[in-house]
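Structural overview for review
Here's the letter readout for the chains.
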Amino acid sequence: MASVTFEHVTKKFGDVVAVNDLTLHIEDKEFLVFVGPSGCGKTTTLRLLAGLEELTDGHIYIGDRLVDDVPPKDRDIAMVFQSYALYPHMSVYDNMAFGLKLRKVPKDEIDRRVHEAARILGIEQLLDRKPKQLSGGQRQRVAVGRAIVRNPKVFLFDEPLSNLDAKLRVQTRAELSKLHHRLGTTFVYVTHDQVEAMTMATRIAVMRDGVLQQVDTPQTLYEKPGNVFVAGFIGSPSMNFFDATLVEADGKLFVDGGSFRLEVPPHLAEQYRKYKGQEVIFGIRPEDIHAKPYVPPEIFPAEMRAQVDVTELMGSEIFLYCLTPDGRAFVARVDPRTKARRGDVVDLVVNMDHMHLFDPKTEKRLE
Amino acid sequence: MIRRVETTLAQVPLHLILVGMALAWFIPTLGLLISSFRTQDAVLSSGWWTVFRNPFLAGQFTLENYRAVLEAQGMGRAFVNSIIITVPATFLPILVAALAAYAFAWMDFPMRRTLFVIVVGLLVVPLQMTLIPILRLYNRTHLAGTFPGIWLAHTGYGLPLAVYLLRNFFAEIPRDLFESAFLDGASRWTAFTHILLPLSVPALASLAIFQFIWVWNDLLVALVYLGGTEKVAPLTVRLSSLVNSLGQNWHLLTAAAFISMALPLVIFFSLQRYFVRGILAGSVKG
């Protein structure tokens, strides 16, 4: 058990800056998820922590210990690879025992730990098999088991679910969360899938082009994204963005998008009034746009009209891909009872309590 | 159904060619084998295929030829010499090449690429160019005519190809496996012995077969560095001198030839399954 600290960590591959001045403190027992599109530096960050890459600049601490020059095997960490990296010529038992044998753990202790880990993961009956005799899900468990037996201070996961089918992924997600509670160890997890991040993390670190964008709880990232990138990355379907202007009329503040005008709720108008007259990026999530007949109670409604371009029935909801009268595309996630077909003009209600405003130049959130 | 007939038909010419090639190699060998069991009179008076008229006729086959060749003609001693030469001359280059290939594939050191290109470049140097300088060196260091001398020579000649093949094979092993081993606490040496070597058995085995057969069949290098003295001469050297001394004694020559073929056949058939086995299946995602 240990915290992890990145201090001004930079990693360059030639001229390419993979990680740029990352400073981040991960608390003991935290489940921190690095998320971002491919090439954003999240895996490099994890590999730096594992000691598989050398720092270009900065320092990394595990607990209070500076580990910049500590080889991977002495960092007291275990890693689950995306490919699982099971040793193909060894049985499941030997795969899990390999690290303990190298550390000269007594035989009966190895036996005890391997069986305990196998029991936790439900793979006791597989201990004699070779990796190629296992299914993808079973291999993934063995890879996790290999990490558990080592009893490390920090667990590292590099996209461990991306090779599983969708159903198994959902199931394994829950199991990893459970495992985190059970082990009470620091988990550092890398994924490109924001759903994985949202469901498992105690905190999420969003990265882009090697730069840390925002670190916070899933809830806060969703409700108060710090910039346009985070707002667009977290949530599915992505947040809708419109170029708009803040205007005041009759003492009320409005978001004027040209073809629509939406009133800002009074409690938000206070803080946004100082941007009056400015151009802004107006962001609204698809789930905050409702079809008029099915508006939920206790929201601050503002109406707009749009033409339906495509509809996608998901069962529990419908995604409406709409166009504003001046032809700007956005998505609404509406009640499945909504009767809308391609080409229809529909009345939509926007919940302005959940509006987001961003600066068009810096793309930062306006408060 | 029709498609299956079509594909079968399309494969007929291929199979004819394969069967033809197999026969072309097999028939002379079979003739050699049968002749080696026939008496001198029979060999001189009729062709080997005539035995098929009465394949089970007792008395037309004899082991006498083998006895004569092994004892009187010194093939027994030569057989032992061949083993003494071939086993270390197979093992040494593969060991050295495996270590070198591991470094070329998985370690960072200055001039790595350049050095590798030089090693690969040595593949095109004809062996004959090296005979005189090395023999002079051997004479000065008293390695000429000794087993260690020929071990070293074969190691040197075998290395470029072995390093080249093994490096390419090693480089295909997923990086994750090594990194995982390092995280598990493995040193570079442990990763070599516990991960790399077990996974490379197919490559090592096929290389071993090549090197073994090449050394076993080698006449030139043995003749130059060892000479023809009975104490050290391998089968190939002995066999070629038998051709000179027993030119007309086909029954003995065929037996001698078969003795020299026996071990390579055993080696090949015992290791051939590694040629086709893909041990990497299942290591990374399936």
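Keep in mind the model is a prediction, meaning the values are calculated, not measured. (Residues numbered from 1 in each chain as written. Chains lettered and ligands numbered in written order. Predicted model: local features only at pLDDT ≥ 70, side-chain atom pairs only at ≥ 80, totals over all residues.)

**A short note on the overall build of chain B**
Basically, it comes down to this: Note on conventions: DSSP H or I runs of at least 4 residues are helices, E runs of at least 2 residues are strands, and numbering of each starts at the N terminus. Only C-alpha atoms enter the radius of gyration, while the globule expectation follows 2.2 Å times N to the 0.38, with N the number of residues.
When helices and strands are tallied, chain B shows 14 helices and 0 strands. Taken from the N to the C terminus, the helices and strands of chain B come in the order α-α-α-α-α-α-α-α-α-α-α-α-α-α. Whereas a compact globule of 286 residues would reach a radius of gyration of roughly 19 Å, chain B reaches 24 Å, over 25% beyond that. Overall, the C-alpha framework of chain B stretches about 75 × 70 × 30 Å when taken along its three principal axes.

**Examining the overall build of chain A**
Selection rule: Residues are called buried when their C-beta atom has 20 or more other C-beta atoms within 10 Å, exposed when it has 12 or fewer, and partly exposed otherwise; all C-beta atoms are positioned from the backbone. Residue pairs qualify as contacts under a 7 Å threshold applied to their C-beta atoms, which are placed from the backbone.
Of the regular secondary structure elements, chain A holds 9 helices and 20 strands. Expressed as lengths along the three principal axes of its C-alpha atoms, the size of chain A is roughly 80 × 45 × 35 Å. The burial tally for chain A puts 42% of its 367 residues in the buried class. In chain A, of all internal contacts separated by at least 6 residues, the share reaching a separation of at least 24 is 65%.

**Things to note about the interface of chain B and chain A**
Going by this rule: Charged residues are taken to be Asp, Glu, Lys and Arg, nonpolar residues to be Ala, Val, Leu, Ile, Met, Phe, Trp, Tyr, Cys and Pro, and polar residues to be all remaining types, Gly included.
Across the boundary between the two partners, chain B contributes 22 residues, which contact 23 residues of chain A. Listing elements by their share of the side of chain B that touches chain A, those giving two or more residues are helix 8 (175-183) and helix 9 (188-199) of chain B. Among the residues making up the side of chain B that touches chain A, the classes are represented as 12 nonpolar, 6 polar and 4 charged.

**Some thoughts on the domain arrangement of chain B**
Residue and element names in this part refer to chain B. Condition: What fixes the domain bounds is an automatic or database domain assignment.
The domains assigned to chain B are domain 1 (2-62) and domain 2 (73-284). In this structure, domain 1 and domain 2 have C-alpha centres spaced 32 Å apart. Elements that contribute at least two residues to the side of domain 1 that touches domain 2 include exactly helix 1 (2-36) and helix 2 (40-45). Of all the elements, helix 1 adds the most residues to the side of domain 1 that touches domain 2, at 4 residues. Split by residue class, the side of domain 1 that touches domain 2 holds 3 nonpolar, 4 polar and 1 charged.

**Notes on the sheet that holds strand 16 (residues 301-313) of chain A**
Residues and elements named next belong to chain A. Threshold: One bridge is not enough; two strands pair if DSSP finds at least two bridges between them. The convention used is that axes are lines fitted to C-alpha atoms, helices contributing only their stretch in contact, and that angles between N-to-C directions extend from 0 to 180 degrees.
Overall, antiparallel pairing links the 5 strands, which are arranged 15-19-16-17-18 in an open sheet. Every interior strand has two partners, whereas the edge strands, strand 15 (289-291) and strand 18 (329-334), have only one. Neighbouring strand axes in the sheet, compared pairwise and without regard to direction, differ in orientation by 50° on average. In terms of strand pairing, strand 15 meets strand 19 (residues 345-351) through 3 bridges, oriented antiparallel. Across the sheet, residue alanine 291 finds its bridge partner in strand 19, namely leucine 348.

**Quick look at the environment of Leu168(A)**
Structurally, the position occupied by Leu168(A) is in helix 5 (residues 166-183). Each C-alpha atom, one on Leu168(A) and one on Gly136(A), is 9.4 Å from the other, the two residues being 32 residues apart in sequence.

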